[in-house]
Amino acid sequence: MIDKQTFREAMSRLAAAVNVITSNGPGGLCGCTASAVCSVSDEPPILLVCINRSSRNNAVLKENQQLCVNVLRADQEALALQFSRSGTDVAERFAGTGWTEPQEDHAVDGAPGSPMLDDALVSLDCRITGSAEVGSHTVFYCTVEDTRFGAPGPGLVYFERAFHAVPASDSSDDQK
Ligand SMILES: Cc1cc2nc3c(=O)[nH]c(=O)nc-3n(C[C@H](O)[C@H](O)[C@H](O)COP(=O)(O)O)c2cc1C
């Protein structure tokens, strides 16, 4: 078996979209940057999000049972950093950017819904419908209940430990 450092080095060559995961509910408001987000099934629509078990966000997500995946644009690198700095409090993370509270009917048991980033490429409002503890991380299985599309534009990916812009295709207007 390879060691942790070798694995991390290998993963640095696997480019991934950058997202801000938000959540609100009985456990309170939380948010963090995550690139470990992947489509699982299109019928029903399910995606997965992997969150480190040592992250403060992990326990809050388990309590809230809902989250929103906000897919970042190329010019939102600063926001990705704001949501990844260890030790920063929740208010600091959400400051300086526009957020929308989703409709009440998307919330779990009348609790506040997960904030949607106003200028995301797309936001996916989800209910957490399963999870698995896998090594250092929890894999959250999330059923998508609502989506909000922003204007098409370049995306943000993380590759070789740095942020990069991925240009939008000319036809991205037609792909919605
Ligand atoms: C580009 C990027 C991608 C990240 N992806 C993940 C991820 O998929 N899962 C995760 O648990 N942490 C990920 N992190 C780290 C978390 O954002 C960070 O550990 C967390 O916000 C720390 O806050 P906390 O310790 O207060 O919970 C990523 C960070 C960056 C910069």
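See above for the structure.
Residues numbered from 1 in each chain as written. Predicted model: local features only at pLDDT ≥ 70, side-chain atom pairs only at ≥ 80, totals over all residues. Heavy atoms only, no water.

Re the site of the ligand
Stated precisely, the cut-off is as follows: One heavy atom within 4 Å of a molecule or strand is enough for the residue carrying it to be called near that molecule or strand. Whenever two N or O atoms come within 3.5 Å, that pair is a polar contact, provided that in protein one can donate a hydrogen and the other can accept it, and provided that, for residues adjacent in sequence, both atoms are side-chain atoms. Under the convention used here, a 1.4 Å probe and the Shrake-Rupley method define accessible areas, while residue burial counts only the protein chains that appear. Secondary structure elements follow DSSP: runs of H or I of four or more residues count as helices, runs of E of two or more count as strands, with numbering from the N terminus.
Close to the ligand lie 17 residues; T33, N52, S55, R56 and R93 are nearest. In this structure, S35 approaches the ligand through a main-chain N or O atom, which is 3.0 Å from a nitrogen atom. One of the backbone N or O atoms of F83 is found 3.1 Å from an oxygen atom in the ligand. For the ligand, whose unbound accessible area comes to 640 Å², protein coverage reaches 82%. Contributions of two or more residues to the shell around the ligand are made by β3 (30–34), β5 (45–52) and α2 (56–64).

Some thoughts on the pairing of strand β6 (residues 66–71)
What counts is decided by this rule: For the exposure calls, accessible area comes from a 1.4 Å probe over protein chains only, and a residue counts as buried if that area is under 20% of its type's maximum, exposed if over 50%, partly exposed in between. DSSP calls a pair of strands paired once it identifies at least 2 bridges connecting them.
Counting buried positions along β6 gives six out of six residues, so the element sits mostly inside the fold. The pairing of strand β2 (residues 19–23) with β6 spans four bridges and is antiparallel. Opposite I21, over in β6, you have V69 as the bridge partner. Two elements, β6 and strand β9 (residues 122–134), share six bridges in a ladder whose sense is antiparallel. Across the sheet, residue C68 finds its bridge partner in β9, namely D125.

Here's the deal with the sheet that holds strand β1 (residues 16–17)
Sheet architecture is open: three strands sit in the order β1-β11-β12, paired in antiparallel fashion. Strands with a single pairing partner mark the edges of an open sheet, and in this sheet they are β1 and β12 (162–166). Sheet topology note: the β1/strand β11 (residues 155–159) ladder contains two bridges and is antiparallel. In the sheet register, A17 faces β11, and the bridge partner there is V157.

Considerations on the state of the cysteines
Put simply, the test is: Two cysteine sulfurs form what is called a disulfide whenever their separation falls within 2.5 Å.
Scanning the model with the defined rule gives zero disulfides in all. A disulfide-free cysteine, C50 has its sulfur positioned 8.4 Å from the sulfur of C38, the nearest such atom. As a non-bridged cysteine, C142 has C126 as the owner of its nearest cysteine sulfur, 5.0 Å distant.

As for the packing of aromatic side chains
Selection criterion: Ring geometry is summarised as follows: Phe, Tyr and Trp rings, the Trp one being its six-membered ring, pair when their centres sit within 6.5 Å, and such pairs are stacked at plane angles under 30 degrees, edge-to-face over 60 and tilted between the two.
Going through the model one piece at a time under the given rule, you end up with four aromatic pairs. Consider the rings of F83 and F94, whose centres lie 5.1 Å apart with planes at 85°: the pair is edge-to-face. Here F83 is found in the loop between α3 (77–82) and α4 (90–94), whereas its partner F94 is found in helix α4, with eleven residues between them in sequence. For F94, a relative accessible area of 11% translates into the label buried. Within the aromatic cluster, the residues linked to one another by ring pairs are F83, F94 and W99.

Here we look at the layout of surface pockets
What counts here: A 1.4 Å probe that fits into a set of points on a 1 Å grid over the protein atoms alone but cannot get out defines a cavity; an open set with protein on both sides within 12 Å along at least five of seven lines defines a pocket, and lining residues are those with an atom within 4 Å of a point. Grid points are joined across faces, edges and corners, and a volume is the space filled by probe spheres set on the points. For this classification, the nonpolar set comprises Ala, Val, Leu, Ile, Met, Phe, Trp, Tyr, Cys and Pro, the charged set comprises Asp, Glu, Lys and Arg, and every other residue, Gly included, is treated as polar.
The space that makes up the largest pocket amounts to roughly 1500 Å³. Elements with a contribution of two residues or more to the lining of the largest pocket: α1 (4–11), β3, β5, α2, β10 (137–149) and β11. At four residues, α1 tops the list of elements feeding residues into the lining of the largest pocket. For the lining of the largest pocket, a count of residues per class yields 18 nonpolar, twelve polar and six charged.

What to know about the pairing of β3
Of all five residues making up β3, four are buried, and the element is well covered by its neighbours. Pairing geometry for β2 and β3, over five bridges, is antiparallel. Bridging from a neighbouring strand, V20 pairs with T33 of β3. Between the antiparallel neighbours β2 and β3 lie six residues, among them G25 with a positive phi of about 150°.

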